[in-house]
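# Chain and residue survey
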Amino acid sequence: MKKKCMPILLAVGLLAAFPLSFQPAEAASHAAAVKEDKLPANLADLMTVAPEHQYTLRKGSTRVEVKLLQWTLNQYGLKTAVDGVFGASTDRNVRQYQKDKGLKADGIVGVNTWVAIYAEHKKPTDPNGELPTELRNLMDIAPEHQFILREGSNRMEVLLLQWTLNQYGLKTAVDGVFGAETNRNVRQYQADKGLKVDGIVGVNTWVAIYGEYQ
């Protein structure tokens with residue numbers, strides 16, 4: 001009888017000694033997931049290259065820039081394996097992202113898509129706070145030399161425009177993409193300022209935008 005009880009007692013003893021034997025692995029996994037929230041430095045460094053000089057990516061591409069793309073798609077909410085291989089899943093999610101941003105949904109990551117990708121990492125955390133330095137620096141260029149923006153534009157300057165519209169009181173998504181909402185709010189802003197209401201941000205509208213900070 002005593003011999004039969006020995007294995008059972010040993011098993012109970014082991015369970016008592018290690019009641020949480022599986023928790024550390026789960027906790028480690030969760031910790032790793034938390035760390036993933038910050039863009040790795042080697043991927044952040046890729047954005048020192050202007051969007052117009054970035055590599056054009058498409059299905060079949062295998063470059064480190066693909067990892068930046070995939071990481072961003074993940075953060076955006078489109079689950080994508082960050083493996084540096086532009087496969088079917090990445091292609092599908094790029095097309096969805098392009099569609100969401102009002103871009104040509106062709107699965108090719110060119111200048112306009114790169115601008116939107118970059119913007120995901122430059123979004124102000126608080127649109128009602130202080131104008132970020134990288135946006136303020138855009139105003140070093142005189143209004144008459146600024147890019148003309150209209151619906152469909154995808155540039156850093158759109159972030160400045162959207163931020164300013166928010167500060168003015170016209171709620172606008174600060175995503176670097178000049179979509180229908182931005183167009184509507186630009187027209188309202190132009191009407192308020194006595195400007196030609198055409199939704200096009202040219203010299204006169206830029207002068208008004210700059211004036212918000214003077």
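Residues numbered from 1 in each chain as written. Predicted model: local features only at pLDDT ≥ 70, side-chain atom pairs only at ≥ 80, totals over all residues. Heavy atoms only, no water.

Attention now goes to the overall build of the chain. If you tally the helices and strands in the chain, you get ten helices and zero strands. When the helices and strands of the chain are listed from N to C terminus, the series reads α-α-α-α-α-α-α-α-α-α. Buried residues in the chain amount to 38% of all 214 residues. Taking all contacts inside the chain whose residues are at least 6 apart in sequence as the whole, residues at least 24 apart take part in 47%. Here the chain displays about 12,700 Å² of accessible surface, and carbon together with sulfur accounts for 56% of that area. (Helix = DSSP H or I, 4+ residues; strand = E, 2+ residues; numbered from the N terminus. Buried < 20%, exposed > 50% of the residue type's maximum accessible area, 1.4 Å probe, protein only. Contact = heavy atoms within 4.5 Å. Areas by Shrake-Rupley, 256 points an atom, 1.4 Å probe, with all protein chains shown as cover.)

This paragraph deals with the layout of surface pockets. Of the voids in this model, the largest pocket is the one considered here, and its volume is about 260 Å³. Lining the largest pocket we find 16 residues, and of these Ala-50, Pro-51, Glu-52, Val-115 and Met-156 sit closest to its centre. Listing elements by their share of the lining of the largest pocket, those giving two or more residues are helix 6 (111–122) and helix 8 (156–168). It is helix 6 that contributes the most residues to the lining of the largest pocket, six residues altogether. When grouped by side-chain class, the residues that make up the lining of the largest pocket number ten nonpolar, two polar and four charged. (1 Å grid on protein atoms, 1.4 Å probe; cavity = no way out; pocket = protein on both sides within 12 Å on 5 of 7 lines; lining within 4 Å. Points joined across faces, edges and corners; volume = space filled by probe spheres on them. Nonpolar A, V, L, I, M, F, W, Y, C, P; charged D, E, K, R; others polar.)

Considering all chains together, one arrives at four aromatic pairs under this definition. With a centroid separation of 4.9 Å and an interplanar angle of 85°, the aromatic rings of Tyr-168 and Tyr-189 are classed as edge-to-face. With Tyr-168 in helix 8 and Tyr-189 in helix 9 (residues 180–192), this pair connects stretches of sequence that are 21 residues apart. A residue is classified by how much of its surface remains accessible, and Tyr-168, at 29% relative accessible area, is partly exposed. In this structure, Arg-63 is placed above the aromatic ring of Tyr-55, and the distance from its NZ or CZ to the ring centre is 3.5 Å. (Phe/Tyr/Trp six-rings, centres within 6.5 Å; stacked < 30°, edge-to-face > 60°. Lys NZ or Arg CZ within 6 Å of the ring centre and 35° of its normal.)

Once that is clear, we can look at helix 5 (residues 88–100). Spanning 13 residues, helix 5 covers 18 Å between terminal C-alpha atoms, matching the ideal 18 Å at 1.5 Å per step. Inspection of helix 5 places Thr-90, Asp-91, Asn-93, Val-94, Tyr-97 and Gln-98 among the buried residues, and these make up the whole buried set. Directly after helix 5, the chain includes Gly-102, whose backbone phi takes a positive value near 75°. (Expected span 1.5 Å × (residues − 1).)

Right, let's get into the confidence of the model for the chain. Summing up the model confidence of the chain, the mean pLDDT is 81 and the portion of residues at 70 or higher is 79%. Considering each helix and strand of the chain separately, the mean pLDDT is smallest for helix 2 (residues 23–35), with a value of 35, and largest for helix 9, with 95. (pLDDT = per-residue confidence, 0-100.)

On to the packing of helix 8 against helix 9, then. Their axes nearest at 11 Å, the elements helix 8 and helix 9 cross at an angle of 60°. Between helix 8 and helix 9, the angle falls in the class oblique. The hand of the helix 8/helix 9 crossing is left-handed. Counted together, Leu-161, Gln-162, Leu-165 and Tyr-168 of helix 8 and Thr-182, Asn-185, Val-186, Tyr-189 and Asp-192 of helix 9 form the full contact between these two elements. Partitioned by chemical class, the residues of the contact of helix 8 with helix 9 number five nonpolar, three polar and one charged. (Axes fitted to C-alpha atoms, helices over the stretch in contact; angles between N-to-C directions. Parallel < 35°, antiparallel > 145°, perpendicular 65-115°, else oblique. Left-handed = near helix turned anticlockwise from the far one by under 90°.)

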